[in-house]
Amino acid sequence: MGYKAKFRVWRGEGGEGKLEDFTVEVNEGEVVLDIIHRLQATQAPDLAVRWNCKAGKCGSCSMEINGKPRLGCMTRMSTFTEDETITVTPMRTFPVIKDLVTDVSFNYQKAREIPSFTPPASVKPGEYRMQQIDVERSQEFRKCIECFMCNNVCHVIRDHEENKTNFAGPRFLMRIAELDMHPYDVADRKDAAQEEHGLGYCNITKCCTEVCPEHIKITDNALIPMKERVVDRRYDPLVWLGNKIFKRSGSGSKG
Amino acid sequence: MEIERHEYDVVVIGAGGAGLRAAIEARQQGKRTAIVCKSLFGKAHTVMAEGGAAAAMGNVNSDDNWMVHFRDTMRGGKFLNNWRMAELHAKEAPDRVWELEAWGALFDRTKDGKISQRNFGGHEYPRLAHVGDRTGLELIRTLQQRVVALQQEDEKLHGDAEAYIKVFQECTVTRLLKSGDAISGAFGYWRENGRLILFDAPAIVLATGGIGKSYVVTSNSWEYTGDGHALALLAGAKLINMEFIQFHPTGMVWPPSVRGILVTESVRGDGGVLRNSEGRRFMFDYIPDVFKDKYATTEEEGDRWYTDQANNRRPPELLPRDEVARAINAEVKAGRGSPQGGVYLDVSTRLPAAEIIRRLPSMHHQFKELADVDITKEPMQVGPTCHYIMGGVEVDADTGAAAVPGLFAAGEVSGGMHGSNRLGGNSLSDLLVFGRRAGAGASAYVDGLKARPAVSEESVAAAKAEALAPLERDGENPYEVHHELQRTMNELVGIIRNAGEVTQALEAVEKLKERAKGAGAAGGRIYNPGWHLALDLRNMLLVSECVARAALLREESRGGHTRDDFPGMSAEWRRRLLVCGASPDGSAVTVEEKAQPAMRDDLITLFDRAELKKYITEEELADFDALVRE
Ligand SMILES: Cc1cc2nc3c(=O)[nH]c(=O)nc-3n(C[C@H](O)[C@H](O)[C@H](O)COP(=O)(O)OP(=O)(O)OC[C@H]3O[C@@H](n4cnc5c(N)ncnc54)[C@H](O)[C@@H]3O)c2cc1C
Ligand code: SF4
Ligand code: SF4
Ligand code: FES
């Protein structure tokens, strides 16, 4: 059952650091986060790592394991062979604070740049009526646990610091799609998606979808449809006009 | 080193459901509000809640209303609840849920387009608003997005998004500061860089959640070190009902590293059944007398209930949590447990696979990823796990005010609402109802102040010395002390208790307190978890002592407190609350008895005499009879 695994963990603060080698016990059923915790408890009490739920629900423990963005709490040790060296590094797209902890404030900044849910003023709390089928699309996106691994992996910003100002990243482009598909949202989001939040930068490589621990089809269900909505808007004046009128009537069934 | 300093009207400690709802309220009332939390914004414990938020909206069964919900809540808490809180909660929960919808929440729907509601243990009708089994995520994200919406408003109005509401994330408060009797601020440190931070504020809302990290087997995260409970105590407030801890009947038992992680009650609400190693649905053997007429006595009736609730009684798998947890404990002790020391929870033979995946997606995911178990094909193994503390800061029901002027509390850190046992789903609604009320209470308090209390330099110096002490020591690894505390509480003040073991636990805690004083933290101040834990130990030890002391005094069994040396429920004890206090340095923990105020006439008459008789004294019953005769 138990064996000793070889770990290489990034240690360092601010811009500096290096991979440090550890040999550490592994027991049946454990996940990578357990091993990091064992290191804390036995060999490196000041090893920094974020976590909360240990069940894939909070999105705190994002890290890169053998170069792949993963949740530490959902990566079972049994997916590695016993003689493999497991390399654990912080998310690459965000500045490192210490060890495995990165400064993810980029994401909170972007969240604030997206205009909030805008229901028609006439609908009072308790009066909302929506069919399951109409909420399901946005519900899929609301499964997001904000692990920010999709933003971490997206090539538009992964190695291009300069794009960060103009690109919200898949997480928040998906947030725009979520609101645009909300049956009661009356804000006009299409132009802004393209012009302010950088939807156009996305060239649908689907890397974001691949890493999403919630298995949200970010590219297929959010980004591509959102691109289509933008295009429809731009080339079809009738659709554009129709949307406007529809929205003003505040009927609460849209898109 | 310089201490960073900020001035606010209201400082909310905690960014879970209760804290965010309180902060939103304070900001909506025009108060300059800070939210301080230990994790990133949006990651608080509330995110883990699965099943739903209880609110008698009557969308699925129109017979539901606040009175039924009130009765269920009181019953669940074995009539020890603060009835005023239970009343406010039942009356206001629907508005709070609808308000979330207006802020963008997308709950699952009924056929006619309303918010769908699901069954849960102890609730007479389908009552839990939910989104699959990730309701907590929806709740916290909606509130988080509401905070962002308010910030966007402030950006437009004042050119500064953080002018009226600002989040201080990954920041831990270690002391509340007082000037004379009243709150004057809070002191803490940034987890990220170890810098110290001071808030000048006349009103503080505690919304720090629970204490589960004092136990080994728990569904709670590292945040649950009882900080708010301890901060309140050290500031001179009182804690009530600390002996009542909810052990959720269904935590994962295997693999060891995930032991304790929650398996939502929705599994049972949606048809899952409990079996022992002999294949028997053993819950039928554990229906207590007080619930005999409310639960099915045969499997056939229980099964019919899922489709026809008007003509059948509910299956005993849906008894309140304390009953189910004790039953599982007893089965395992009697040698009828599963190989890994739990019992079987099976939904695979009860629902089609597609339906299981649709209704319980995160359970399906969790078991598959963490235990290699496909719940659509095989049963889960489950056992009790420390889940929720009913006890907490004693507050005024209407305003959330604690005994210390300027101190407010809401959510899991407050006590009273749930009595001796909380019903599933009643926490999320509690957060919203009392979060809002505490935010309003704090705002009104600030409005009524003539002058702001000033923070004294001595109190800051003392708080600073206390916070930095572990860094200056080269003592024992704090993880060792923590593990020992967890083992002690789990084994000696767990689900079944007795005087001897609890006394032993108190002795052990006393020794651990000494060891904690010597625990040191190697490394620097930048994101140093060893240092953080060394500071958390003070809180966990203090809270554990309260739990154990109260548990020793209460010589009866009720809800989340079971004494095998006093197995019965006592009507006399129902009238008594145990109130904990401590001195400012955390020594001299006291527990005093206090009379539980009698229920208001119009509320007690919502119950049948026959039911009350099971809980209240002859004397109280006579008063009730007189009341009814009037
Ligand atoms: C797995 C699980 C499932 C659950 N499912 C349900 C359910 O379906 N329905 C239901 O009603 N209830 C459920 N509960 C219970 C419910 O989720 C909790 O009781 C509730 O979320 C607590 O909310 P809160 O706002 O009081 O605190 P939390 O959400 O825990 O937030 C506490 C906040 O306080 C902060 N904090 C703590 N200490 C400090 C400090 N010293 N300084 C600064 N900040 C601090 C934390 O960082 C955090 O932000 C569940 C609980 C668990 C564990
Ligand atoms: S699909 Fe678009 S958003 Fe996703 S990773 Fe590729 S470029 Fe980035
Ligand atoms: S969309 Fe998926 S990958 Fe991106 S932040 Fe949300 S959960 Fe993480
Ligand atoms: S700890 Fe919550 S997702 Fe890993």
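Residues numbered from 1 in each chain as written. Chains lettered and ligands numbered in written order. Predicted model: local features only at pLDDT ≥ 70, side-chain atom pairs only at ≥ 80, totals over all residues. Heavy atoms only, no water.

### Examining the domain arrangement of chain A
All names here are of chain A. Domain boundaries in chain A define domain 1 (3–102) and domain 2 (105–245). Measuring from the centre of the C-alpha atoms in domain 1 to the corresponding centre in domain 2 gives 31 Å. Each side of the interface is counted separately: domain 1 has 14 residues, and domain 2 has 17 residues. Summed over both partners, the interface of domain 1 with domain 2 comes to about 1200 Å²; 53% of that surface belongs to carbon and sulfur atoms. Of all residues in domain 1, P69, T93 and F94 bury the most surface against domain 2, accounting for 46% of the area lost on that side. (Domains from an automatic or database assignment. Contact = heavy atoms within 4.5 Å. Buried area = accessible area lost by both parts, 1.4 Å probe.)

### Comments concerning the interface of chain A and chain B
If you look at the interface, chain A gives 60 residues, while chain B gives 67 residues. Taking both sides of the interface into account, the surface hidden between chain A and chain B amounts to around 5200 Å²; carbon and sulfur atoms contribute 53%. On the chain A side of the contact with chain B, K57(A), R112(A) and R142(A) bury the most area, a combined 16% of that side's loss. Linking chain A to chain B there are six salt bridges. K57(A) is the partner of E50(B) in a salt bridge, and the nearest nitrogen-oxygen pair spans 3.2 Å. Counting across the chain A and chain B interface gives 40 residue pairs in polar contact (both at pLDDT 80 or more). Mapped by element, the contributors of at least two residues to the side of chain A that touches chain B are α1 (32–42), β6 (96–98), α2 (105–113), α3 (132–142) and α6 (169–180) of chain A. Per element, the largest residue contribution to the side of chain A that touches chain B is five residues, and it comes from α3(A). When the residues that make up the side of chain A that touches chain B are grouped by side-chain class, the tally is 29 nonpolar, 13 polar and 18 charged. (Salt bridge = Lys/Arg side-chain N within 4 Å of Asp/Glu carboxyl O. Polar contact = N/O pair within 3.5 Å; in protein donor to acceptor, adjacent residues only side chain to side chain. Helix = DSSP H or I, 4+ residues; strand = E, 2+ residues; numbered from the N terminus. Nonpolar A, V, L, I, M, F, W, Y, C, P; charged D, E, K, R; others polar.)

### A closer look at the site of ligand 2
All names here are of chain A. Close to ligand 2 lie C154, H155, P170, C202, N203, I204, T205, K206, C207, C208, T219 and L223, which account for all nearby residues. For the shell around ligand 2, the secondary structure elements donating two or more residues are α8 (207–211) and α9 (218–235). Broken down by class, the residue content of the shell around ligand 2 amounts to seven nonpolar, four polar and one charged. (Near = heavy atom within 4 Å.)

### A word on the site of ligand 1
Residue and element names in this part refer to chain B. Around ligand 1 there are 40 residues in total, and T46, G51, E223, Y224 and D227 lie nearest to it. The separation between an oxygen atom of ligand 1 and a polar main-chain atom of A207 is 3.4 Å. At 2.7 Å, a backbone N or O of L428 approaches an oxygen atom of ligand 1. For ligand 1, the accessible surface in isolation is 1000 Å², of which the surrounding protein chains cover 99%. Listing elements by their share of the shell around ligand 1, those giving two or more residues are α1 (17–28), β3 (33–37), β8 (171–179), β16 (380–389) and α11 (426–447). Considering each element in turn, the shell around ligand 1 owes the most residues, four residues, to α11. (Areas by Shrake-Rupley, 256 points an atom, 1.4 Å probe, with all protein chains shown as cover.)

### Digging into the side chain of S219(B)
Residue and element names in this part refer to chain B. The residue S219 is located in the loop between β11 (203–206) and α5 (227–234) in this model. For S219, a relative accessible area of 8% corresponds to the buried category. One polar contact links S219 to H387, side chain to side chain, over a distance of 2.7 Å. Ignoring any residue separated from it by four or fewer positions in sequence, one finds S219 in contact with H45, M48, G260, L262, T385, C386 and H387. (Buried < 20%, exposed > 50% of the residue type's maximum accessible area, 1.4 Å probe, protein only.)

### Remarks on the packing of aromatic side chains
As enumerated under the stated definition, the model contains 20 aromatic pairs over all chains in all. The structure contains a cluster of three or more aromatic residues connected by ring pairs, namely W66(B), F70(B), F79(B), F607(B) and Y615(B). Over the aromatic face of F106(A) sits the side chain of K164(A), whose NZ or CZ is 5.8 Å from the ring centroid. Positioned over the ring face of W573(B) is R576(B), at 4.3 Å from the centre of the ring. (Phe/Tyr/Trp six-rings, centres within 6.5 Å; stacked < 30°, edge-to-face > 60°. Lys NZ or Arg CZ within 6 Å of the ring centre and 35° of its normal.)

### A closer look at the layout of surface pockets
One number sums up the size of the second largest pocket: a volume of about 1400 Å³. Contributing to the lining of the second largest pocket are 50 residues, with D108(B), G132(B), R358(B), R359(B) and P361(B) lying nearest its centre. Counting residues per element, the ones that place at least two in the lining of the second largest pocket are α3 of chain A together with β5 (117–118), α9 (353–359) and α10 (361–371) of chain B. Looking at side-chain class alone, the lining of the second largest pocket contains 14 nonpolar, 19 polar and 17 charged residues. (1 Å grid on protein atoms, 1.4 Å probe; cavity = no way out; pocket = protein on both sides within 12 Å on 5 of 7 lines; lining within 4 Å. Points joined across faces, edges and corners; volume = space filled by probe spheres on them.)

### Points about the UniProt feature "domain: FAD-dependent oxidoreductase 2 FAD-binding" (unreviewed entry) in chain B
The UniProt record annotates "domain: FAD-dependent oxidoreductase 2 FAD-binding" (unreviewed entry) at residues 9–428 of chain B. Taken end to end, residues 9–428 of chain B comprises 29% helix and 20% strand; its first and last C-alpha atoms sit 26 Å apart. (UniProt positions renumbered as here; feature names shortened; annotations may be inferred.)

### Focus on the domain arrangement of chain B
Residue and element names in this part refer to chain B. Examined at the domain level, chain B breaks down into domain 1 (4–244 + 390–458) and domain 2 (252–384). Distance from the C-alpha centre of domain 1 to the C-alpha centre of domain 2: 30 Å. Contact residues are listed per partner, giving 21 residues for domain 1 and 29 residues for domain 2. Summing both sides of the interface, domain 1 and domain 2 together bury roughly 1900 Å²; the carbon and sulfur share of this comes to 45%. The interface formed by domain 1 and domain 2 holds three salt bridges in total.

### Comments concerning the nonpolar core
Core analysis: the largest hydrophobic core is formed by 249 residues, its most contacted members being F7(A) and L176(B). At 11 residues, helix α15 (residues 529–553) of chain B tops the list of elements feeding residues into this core. Discounting residues that sit within four places of it in the chain, L176(B) has contacts with I13(B), I183(B), G185(B), A186(B), I204(B), L206(B), L231(B), A232(B), A235(B) and L407(B). (Core = buried A, V, L, I, M, F, W, Y, C linked by side-chain atoms within 4.5 Å.)

### Observations regarding the pattern of salt bridges
Residues and elements named next belong to chain B. Scanning the entire structure with this criterion turns up 87 salt bridges over all chains. A salt bridge links E99 to R21, with the nearest nitrogen and oxygen atoms 3.0 Å apart. One end of the pair, E99, is in helix α3 (residues 83–102); the other, R21, is in helix α1, and 78 residues separate them in sequence. Overall, R21 belongs to the buried group, its relative accessible area being 1%. Salt bridges sharing partners connect three or more residues here, namely R84, E87, K91, E92, D398, R436, R437, R600 and D602.

### Digging into the environment of E99(B)
Among the residues examined, E99(B) registers a relative accessible area of 13% and is labelled buried. Measuring from C-alpha to C-alpha, the distance between E99(B) and L432(B) comes to 9.9 Å, with 333 residues separating the pair along the chain. Ignoring anything within four residues of it in the chain, the contact list for E99(B) reads P125(A) and R21(B). Looking at E99(B), its side chain comes within polar contact range of the side chain of R21(B), at 3.0 Å.

### Structural notes on the pairing of strand β2 (residues 10–13) of chain B
Residue and element names in this part refer to chain B. Side chains of β2 alternate between two faces, with V10 and V12 and V11 and I13 buried alike. As paired strands, β2 and β3 are joined by four bridges and run parallel to one another. Residue pairing for β3: I13 is matched across the bridge by V36. (Pairing = 2+ DSSP bridges.)

### Some thoughts on the sheet that holds strand β13 (residues 245–252) of chain B
Residues and elements named next belong to chain B. Across the sheet, which stays open at both edges, the four strands sit in the order β13-β16-β15-β14 with antiparallel pairing between neighbours. Looking along the sheet, the strands with just one partner apiece sit at the ends: β13 and β14 (273–275). On average, adjacent strands in this sheet sit at an angle of 45° to one another, irrespective of strand direction. Sheet analysis places β13 next to β16, joined by six bridges and oriented antiparallel. (Axes fitted to C-alpha atoms, helices over the stretch in contact; angles between N-to-C directions.)

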